[in-house]
Amino acid sequence: MTAAVDADTAELLALLEDEYARTIILETYRDAQSVESLSDACDADPSTVYRRIDRLQERGLLQDQQRLDPNGHHYKVYVARLEHVAIDVTEDGFDVTVDYREEDAADTFTRLYEEFSG
């Protein structure tokens, strides 16, 4: 007998099963990271890292932030939003609960400013 899992749960579990995605979450949980540093941590091409970043952002597990380098150029870094995942077995199947990290006030202000300024 196979327990039915809804599509969202199956997608989340598949994403968390991926070694690159897990490494990205762990690395960005500790500190904001650039694609280059994530590529080194994953020992993967930046294109592979970007694909995982896209999937993690679609699920709300990762967010990007703009940074300014000393030369005045903007670049993105990524921060994990995933705080906790709980999987409970119920009579109806699996119940998955995801808790997210709170965005700090400065990051919220920066994100809103960037959205409004285009």
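All figures in this text were calculated on a predicted structure; none of them were measured in a lab.

*Asks:* Looking at this structure, how should I read the packing of helix 2 (residues 19-30) against helix 3 (residues 35-42)?
*Replies:* A pair of packed helices can be characterised by two numbers: the angle between their axes and the separation between those axes. It is the contact of helix 2 with helix 3, at a shortest axis distance of 10 Å, that shows an interaxial angle of 125°. The orientation of helix 2 with respect to helix 3, classified from their angle, is oblique. The interaxial crossing formed by helix 2 with helix 3 has right-handed handedness. Taken together, the residues of helix 3 that come into contact with helix 2 (itself represented by Y20, T23, I24, E27 and T28) are L38, A41 and C42. Taken together, the residues of the contact of helix 2 with helix 3 break down into 5 nonpolar, 2 polar and 1 charged.

*Asks:* Just checking my understanding: could you explain the environment of T9 for this structure?
*Replies:* Position of T9 among the secondary structure elements: in helix 1 (residues 7-17). Between the alpha carbons of T9 and T97 there is a distance of 9.5 Å; along the sequence they are 88 residues apart.

*Asks:* Help me out: how do you make sense of the nonpolar core in this one?
*Replies:* A general tendency of soluble globular proteins is for nonpolar side chains to be buried together. Residues I24, V49, I53, L56 and L61 are the most contacted members of the largest nonpolar core, which totals 19 residues. Residue assignment for this core shows that the elements contributing at least two residues are helix 1, helix 2, helix 3, helix 4 (46-58), strand 2 (74-80) and strand 4 (93-100). Setting aside residues no more than four positions away along its own chain, I53 makes contact with I24, V35, L38, L62 and Y78.

*Asks:* How do you make sense of the pattern of salt bridges when you look at a structure like this?
*Replies:* Pairing between side chains of opposite charge can happen when their charged atoms approach one another. Applying the stated criterion across every chain, the model contains 3 salt bridges. One salt bridge connects R52 with D18, and the closest N-O pair in it is separated by 3.0 Å. With R52 in helix 4 and D18 in the loop between helix 1 and helix 2, this pair connects stretches of sequence that are 34 residues apart. Just as R52 is buried, D18 falls in that class too. Across the pair E83 and R101 runs a salt bridge whose closest N-O atoms are separated by 3.9 Å. Remark: R101 occurs in the loop between strand 4 and helix 5 (105-117) and E83 occurs in strand 3 (residues 82-90); sequence separation between them is 18 residues. Take E83: its relative accessible area is 42%, and that puts it in the partly exposed class. Among the residues examined, R101 registers a relative accessible area of 25% and is labelled partly exposed.

Cut-offs used in this document
Residues numbered from 1 in each chain as written. Predicted model: local features only at pLDDT ≥ 70, side-chain atom pairs only at ≥ 80, totals over all residues. Heavy atoms only, no water. Axes fitted to C-alpha atoms, helices over the stretch in contact; angles between N-to-C directions. Helix = DSSP H or I, 4+ residues; strand = E, 2+ residues; numbered from the N terminus. Parallel < 35°, antiparallel > 145°, perpendicular 65-115°, else oblique. Left-handed = near helix turned anticlockwise from the far one by under 90°. Contact = heavy atoms within 4.5 Å. Nonpolar A, V, L, I, M, F, W, Y, C, P; charged D, E, K, R; others polar. Core = buried A, V, L, I, M, F, W, Y, C linked by side-chain atoms within 4.5 Å. Buried < 20%, exposed > 50% of the residue type's maximum accessible area, 1.4 Å probe, protein only. Salt bridge = Lys/Arg side-chain N within 4 Å of Asp/Glu carboxyl O.

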